[in-house]
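The lines below spell out each chain.
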Amino acid sequence: RLASRTMADASAPPAAGAPTEPAGPTPFQQKSPYYAKRIELFEKYFAREGEKQEAAKLTNETIQVVMPDGAIKEAVRNVTTPWDIAMGIHKKLAQASLLAHVDGGDWDMRRPLEGDCALKLFSFDDPEGKELYWHSSAHVLGEALELEYGADLTIGPSIEEGFYYDCFLGERTLSDHERDAIQSRMEKIFKEKQPFLRIEVTREEALEMFTENKFKVELITNLPEDARISCYRCGPMVDLCRGPHLPDTAWIKSVSVNQCSRAHWRADVTKDPLVRVYAVTFPNDKLMKEYKLRIEEAKKRDHRVLGQTQELFMFNALSPGSCFFLPMGAKIYNNLINFIKEKYWEYEYEEVVTPNIYNFELWKTSGHAAHYKENMFSFNVEKEEFGLKPMNCPGHCVMFGNRKRSFRELPMRLADFGVLHRNEFSGALHGLTRVRRFQQDDAHIFCRPDQMEHELSQFLKFLDSVYEVFGLTYEMKLSTRPEGYLGEIEIWDQAEAALTQVLNASGREWKLNPGDGAFYGPKIDITVFDALKRRFQCATVQLDFQLPIRFNLSYVTENNEPARPVIIHRAILGSVERMFAILTEHFAGKWPFWISPRQVMLVPISEASRGYALEVRKKLHSAGFHAQVDETDRKMQKKVREAQLEQWNYILVVGDGEQTNGTVNIRTRDNVVHGEHALIDLMAVLETERKTKSLTCMFGVEKSAAAAAAREAEEVLAKAALDAAAAAAAQE
């Protein structure tokens, strides 16, 4: 009945004043017979599920459910649901629980338990709960797109914060002014409290259900013939889905449809064009308000905007996805690389320089020709195929294998800032975060198995020291052996044990991500958080047992026997371009002094002071500081304000008095006025600020600390006097 009412609403004539469709049936009306058939088949298979549950009730077989605290709850096989268990503990627990894990696997709260199991519940506060919440919301978005536009749905996943749905609308596209209609439709669906219903079908049954959607048919035909396929329904919308989902649509309280954009099926520009609609939902309006405030702040910090206003970088259609770093941006870029080079010296890495272009025989040996060629730029030279390198590891293997190696040479830490190219689709390019040309702080450690633990431990110290300088926090996950792993299980066990030991010794919390390692070795996934608590994947450390085999690498042991080295792939900044973008937004364009391209602006009060300003600028430049003189004819106050808006760390005003005294009048971009000081004193502070890589201005810090200490001493003396007076009064 609910589906009929919803479909009837979609077929109703437009309200007065609303834009009308051309004469003839609407896209939704054209698709209505297909949607109706899909519902009919779903109800048929859902009745089959109901019969199973009724039979289970008659059998009344008891099972045991183990809770995280060890408590055991009794349940009935194929009847009792996680929701029932939660309600038995406390109503508020059930109301807060969105998702269940049954023996570690995702499970709907209203799906009957099938046997003895361990049960864990998740709320919206948990990452798992958010993912489910936004995945269910994506289904509601899909329903709205069907009802509004007769869309052919493709895929609709949850993302970092929110979700999207890709759909096919033929020649039609959606623009941002249509977001309100989609949002209104979704809000209507929430109020209808449509339940999320689940069925399992065979591949043939699924093909019959989705026969008129070529995208779903393609997904289904790629599954094994004997696959059991789960489908979910909310209202009139039925979709292929692993699940799980919310109990019903009323759990979704607040929605914002954020963007309509273009995409392509399978992210391939040669395939069907799609419309992508982004949205986000929350269980209350307060969270939505906080989200919108974060988004507004993120827009202000957008590196693409700040990069333009601060003249840091640019792009040009003559070289899509390849950044032009302007002089100010190049200063930051080089500071990032030089910082890592300082750390390489501290942690004893050897920097190497390797070719940009290789014969494809290299990529055949490494395996990239078979699995990564579509992401590479390739071309012919004298009838042979060559390619621009997308990563450095194969070249480093060639370097290691160039001659016989001894165990005494290990570990060998090879670092490379070589230029890399990856053939990203044009539609995927996005500022500095997704480019075609980039550099990495890429390094590979060739070591013995017994050296893995020490090298990994040193890497985590390296990582921590770098992220601390930037004021970035991060989390770590250990991704272990996947099902399709290659190599000897003993080596895998040794590697995972080393990673576990290193993570435990780091003193930081970490999580286990079982089965998500690469096929060639386990890894630590590192997620960094910026000032807005957004998540980014930058650093990585991966163990590799396969490349040494592919390149037949070996070293001679102390027993004069050949042995395979282990390769540790590692990066901290990751792509320098991507880290540049992250830091631009993290600092909101207010670069710390040590990395800032605009460190000191000289403001002469008049033309008479211009010569002194240039003299001071020369001294600062000779000391390695980025300094300029504002030689325009604007008033001094205007010059200072412009320098602050341009984010110059220090603004030095000079006039006749400063020239006579050999001083400068100091203020900062935050309009803190420090007054007149000797230039030599300022330069000492600037050198300290640069050397320590301080995140904050250090000028006046010692004075402030001294004043605070004096106040504290005065308070101690005053308290002592009061105590003495009180003691004297007590004696009287």
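Predicted, not measured: the structure shown is a model, and the values here were computed from it.

A.B. asks: Mind showing me how you'd approach the overall build of the chain here?
C.D. replies: The helix and strand inventory of the chain stands at 23 helices and 35 strands. Seen through its C-alpha atoms, the chain measures out along the principal axes to roughly 95 × 80 × 80 Å. The 732 residues of the chain split such that 49% are buried. Excluding contacts between residues fewer than 6 apart, the proportion of contacts in the chain whose partners are at least 24 apart in sequence is 68%. Of the accessible surface of the chain, which amounts to about 36600 Å², a share of 51% is contributed by carbon and sulfur atoms. Positive and negative charge centroids in the chain, built from 92 and 106 side chains respectively, lie 3 Å apart.

A.B. asks: Quick question: what am I supposed to make of the environment of P157 here?
C.D. replies: With respect to the helices, strands and loops of the structure, P157 is situated in the loop between β6 (152-153) and β7 (158-159). Overall, P157 belongs to the partly exposed group, its relative accessible area being 26%. Residues P157 and S136, 21 residues apart in the sequence, show an inter-C-alpha distance of 9.2 Å. Setting aside its immediate chain neighbours within four residues, P157 contacts F163 and Y164.

A.B. asks: I'm lost on the environment of M698 in this one. Help?
C.D. replies: Locating M698 in the fold gives a position in the loop between α22 (679-692) and α23 (701-731). Separated by 117 residues in sequence, M698 and A581 have C-alpha atoms that sit 26 Å apart. M698 has contacts with Y650, V685, T688, E689 and T692, leaving out every residue within four places of it along the chain.

A.B. asks: How should I be thinking about the packing of aromatic side chains in this particular structure?
C.D. replies: Each aromatic ring pair is described using two quantities: the centre-to-centre distance and the angle formed by the ring planes. A complete count under the given rule lists 34 aromatic pairs for this structure. Plain terms: the ring middles of Y34 and Y35 are 5.6 Å apart, the flat faces sit at 45 degrees to each other, and that makes the pair tilted. In this pair, the class of Y34 matches that of Y35, namely buried. Between Y358 and W363, the aromatic rings sit 5.7 Å apart at their centres with planes inclined by 85 degrees, giving edge-to-face as the arrangement. Just as Y358 is buried, W363 falls in that class too. By the ring-pair criterion, three or more aromatic residues cluster together here, those being F313, F315, F325, Y333, F580, F587 and W591. The ring centre of W83 lies 4.2 Å from the NZ or CZ of R110, which sits over that ring. Across the ring face of W594, the terminal group of K693 is positioned such that the distance to the ring centre comes to 5.4 Å.

A.B. asks: Got a minute to help me understand the pairing of strand β2 (residues 72-76) in this structure?
C.D. replies: A regular strand places its side chains so that they alternate between the two faces of the sheet. Both strand β1 (residues 62-66) and β2 contribute to a ladder of five bridges, which runs antiparallel. Paired with V66 across the strands is I72, a residue of β2. In sequence, β1 turns back onto β2 through a hairpin of five residues, with G70 there showing a positive phi of about 95 degrees.

A.B. asks: It is not clear to me how the sheet that holds strand β11 (residues 237-240) should be interpreted in this structure. Could you clarify?
C.D. replies: In a beta sheet, neighbouring strands pair by backbone hydrogen bonds and run either parallel or antiparallel. Sheet architecture is open: three strands sit in the order β9-β10-β11, paired in antiparallel fashion. Strand pairing shows two members of the sheet lacking a second neighbour, β9 (197-201) and β11, which therefore form its edges. Looking at each pair of strands side by side, their axes are set apart by 25 degrees on average, direction ignored. For strand β10 (residues 229-234) and β11, the ladder comprises four bridges, and the chain directions are antiparallel. Within β11, the position partnered with C231 by the bridge is L240.

A.B. asks: Help me out: how do you make sense of the sheet that holds strand β18 (residues 378-381) in this one?
C.D. replies: One open sheet holds the three strands; their spatial order is β17-β19-β18, and the pairing between them is antiparallel. In the strand order of this sheet, the two ends are held by β17 (357-359) and β18, each with one partner. Adjacent strand axes in the sheet meet at a mean angle of 35 degrees, parallel and antiparallel pairs treated alike. Pairing of β18 with strand β19 (residues 384-388), which is carried by four bridges, proceeds in the antiparallel orientation.

A.B. asks: When you look at the side chain of Q439 in this model, what are you seeing that I'm missing?
C.D. replies: Counting through the fold element by element, Q439 comes out in strand β22 (residues 437-439). With a relative accessible area of 12%, Q439 lands in the buried category. At 3.2 Å, the side chain of Q439 and the side chain of Y333 are in polar contact. Of the polar contacts made by the side chain of Q439, one reaches the backbone oxygen of F417; its length is 2.7 Å.

A.B. asks: How do you make sense of the nonpolar core when you look at a structure like this?
C.D. replies: Soluble globular proteins: nonpolar side chains tend toward being buried together. Counting residues in each nonpolar core, the largest one holds 62 residues, and the members touching the most others are L336, V466, Y467, F470, I526 and L543. Looking at this core, the element that brings in the most residues is helix α15 (residues 452-470), giving 10 residues. Residues L98, V140, I189 and W251 belong to the second largest nonpolar core, which totals 56 residues.

A.B. asks: I tried to follow the environment of K404 on my own but got confused; where do I start?
C.D. replies: Along the chain, K404 turns up in the loop between α14 (393-400) and β20 (412-416). On the accessibility criterion, K404 (67% relative accessible area) is exposed. Separated by 99 residues in the primary sequence, K404 and V305 have C-alpha atoms spaced 52 Å apart. In contact with K404, not counting residues within four places along its chain, are E409 and V556.

A.B. asks: Is there a simple way to think about α15 in this case?
C.D. replies: Because an α-helix packs 3.6 residues into every turn, residues spaced three or four apart end up facing the same way. With 19 residues, α15 should reach 27 Å at 1.5 Å per residue; the first-to-last C-alpha distance of 27 Å fits that figure. Within the span of α15, buried status applies to M452, E455, L456, F459, L460, F462, L463, S465, V466, Y467, V469 and F470. Count one or two residues on from α15 and you reach G471, which has phi positive near 75 degrees.

A.B. asks: Just checking my understanding: could you explain a nonpolar patch on the surface for this structure?
C.D. replies: Where nonpolar side chains cluster on the molecular surface, the patch consists of I357, F379 and V381 and spans about 220 Å² of accessible area. In this fold, V381 is placed in strand β18. With a relative accessible area of 36%, V381 lands in the partly exposed category.

A.B. asks: Is there a simple way to think about the pattern of salt bridges in this case?
C.D. replies: Between side chains of opposite charge, pairing is possible as soon as their charged atoms come close. Inspection of every chain in the model, using the stated rule, returns 45 salt bridges. Across the pair R301 and E297 runs a salt bridge, and its minimum N-O distance is 2.8 Å. Highlighted residues: R301 and E297, both in helix α9 (residues 285-301), separated by four residues, approximately one helical turn. For E297, a relative accessible area of 26% gives the class partly exposed. When the shortest N-O distance is used, the salt bridge between E342 and K693 registers 3.1 Å. Placement of the pair is E342 in helix α11 (residues 327-346) and K693 in the loop between α22 and α23, with a sequence separation of 351 residues. With relative accessibility at 45%, the residue E342 sits in the partly exposed group.

Scoring rules and cut-offs
- Residues numbered from 1 in each chain as written.
- Predicted model: local features only at pLDDT ≥ 70, side-chain atom pairs only at ≥ 80, totals over all residues.
- Heavy atoms only, no water.
- Helix = DSSP H or I, 4+ residues; strand = E, 2+ residues; numbered from the N terminus.
- Buried < 20%, exposed > 50% of the residue type's maximum accessible area, 1.4 Å probe, protein only.
- Contact = heavy atoms within 4.5 Å.
- Areas by Shrake-Rupley, 256 points an atom, 1.4 Å probe, with all protein chains shown as cover.
- Lys, Arg positive; Asp, Glu negative; His and termini not counted.
- Charge placed at Lys NZ, Arg CZ, Asp CG, Glu CD.
- Phe/Tyr/Trp six-rings, centres within 6.5 Å; stacked < 30°, edge-to-face > 60°.
- Lys NZ or Arg CZ within 6 Å of the ring centre and 35° of its normal.
- Pairing = 2+ DSSP bridges.
- Axes fitted to C-alpha atoms, helices over the stretch in contact; angles between N-to-C directions.
- Polar contact = N/O pair within 3.5 Å; in protein donor to acceptor, adjacent residues only side chain to side chain.
- Core = buried A, V, L, I, M, F, W, Y, C linked by side-chain atoms within 4.5 Å.
- Expected span 1.5 Å × (residues − 1).
- Patch = residues over 30% accessible without salt bridge, like charges linked within 9 Å, V, L, I, M, F, W, Y side chains within 5 Å.
- Salt bridge = Lys/Arg side-chain N within 4 Å of Asp/Glu carboxyl O.

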